[in-house]
Amino acid sequence: MNRGILFLSLLGFLPLVIPTCPVPCKCTSTIIDCTSKDLTVANLPAAFRPSAEIIHLGYNRLTSIPNGLFDNLKSLQVVYLQGNPWECTCDILYLRSWLQWQQNRTLYRDVRCSSPTHLQDRVIAYLTEDEVNSTCQYWYCSLALLSQLCLFILLFLQGILVIFIIVYLQKFRRMTAEARSTTRDLHQQVDPWVSSSRNPYNND
């Protein structure tokens, strides 16, 4: 009876241990098929099961691939990416880098830029970094610079706040010690006077 309960409990936890097939794809143990599912970057699955060897992402509306999406898939052999409107701007750098690490780049000759115009129909795997960087919008680069500046200012203010707290605590401790010392001195001065006032005839 106890073994049966334990077995059912383990079955209940299996969905948490083994990643399920991402919606709206179809899956086997090693193949994930997301062909023609009208996927965009916004609704692309955030992760794929680690056992995946083949992933089909062709004929969707993907313009780029999120950073790190394929990095932890150790068994991955090929990803079919044809038929997507790839935008070869800053966001394509991760896909370009991943493609360049593949042993057989000829499998990805049909993964080509749809935009911008001067890179249209270029094979993404063979783009240079300078070509991609030249397409980055100035506002995008300025925004990245502004974000870094804001982060630096925030860290600087946090550092000042920490220093202020430390100095305040040290000053508070010093004031507390001085107050205790003053209180002790007052007690020492008052005690003889109190004793003498209570016994006015002791000298006689």
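A brief structural summary. (Residues numbered from 1 in each chain as written. Predicted model: local features only at pLDDT ≥ 70, side-chain atom pairs only at ≥ 80, totals over all residues. Heavy atoms only, no water.)

**A few points about a nonpolar patch on the surface**
On the surface, a nonpolar cluster with roughly 600 Å² of combined accessible area is contributed by Leu149, Phe152, Ile153, Phe156, Leu157 and Ile160. With respect to the helices, strands and loops of the structure, leucine 149 is situated in helix H4 (residues 138–198). (Patch = residues over 30% accessible without salt bridge, like charges linked within 9 Å, V, L, I, M, F, W, Y side chains within 5 Å. Areas by Shrake-Rupley, 256 points an atom, 1.4 Å probe, with all protein chains shown as cover. Salt bridge = Lys/Arg side-chain N within 4 Å of Asp/Glu carboxyl O. Helix = DSSP H or I, 4+ residues; strand = E, 2+ residues; numbered from the N terminus.)

**Considerations on the state of the cysteines**
Going through the model one piece at a time under the given rule, you end up with three disulfides. Residue cysteine 25 pairs covalently with cysteine 34 via a disulfide, S to S 1.9 Å. Note on the cysteine 25 and cysteine 34 pair: the S-S dihedral is about 105°, so by sign convention the disulfide is right-handed. Put simply, cysteine 88 and cysteine 113 are joined by a disulfide, and their sulfur atoms are 1.9 Å apart. What sets the handedness of the cysteine 88 and cysteine 113 disulfide is the S-S torsion sign, and at about -95° it is left-handed. In this pair, cysteine 88 sits in the loop between strand E5 (86–87) and helix H2 (93–100) while cysteine 113 sits in strand E6 (residues 113–115), placing the two residues 25 residues apart along the sequence. A single burial state applies to cysteine 88 and to cysteine 113, both of which are buried. (Disulfide = S-S within 2.5 Å. Buried < 20%, exposed > 50% of the residue type's maximum accessible area, 1.4 Å probe, protein only.)

**Considerations on the nonpolar core**
In this structure, Leu57, Ile65, Phe70 and Ile124 are the most contacted members of the largest nonpolar core, which totals 34 residues. The set of elements that each furnish at least two residues to this core consists of strand E4 (78–80) and H2. Ranked by residue count, the leading element in this core is H2, at four residues. Those residues within four positions of isoleucine 65 in sequence are excluded, and the remaining contacts are Leu44, Leu57, Phe70, Trp86, Asp91, Tyr94 and Leu95. (Core = buried A, V, L, I, M, F, W, Y, C linked by side-chain atoms within 4.5 Å. Contact = heavy atoms within 4.5 Å.)

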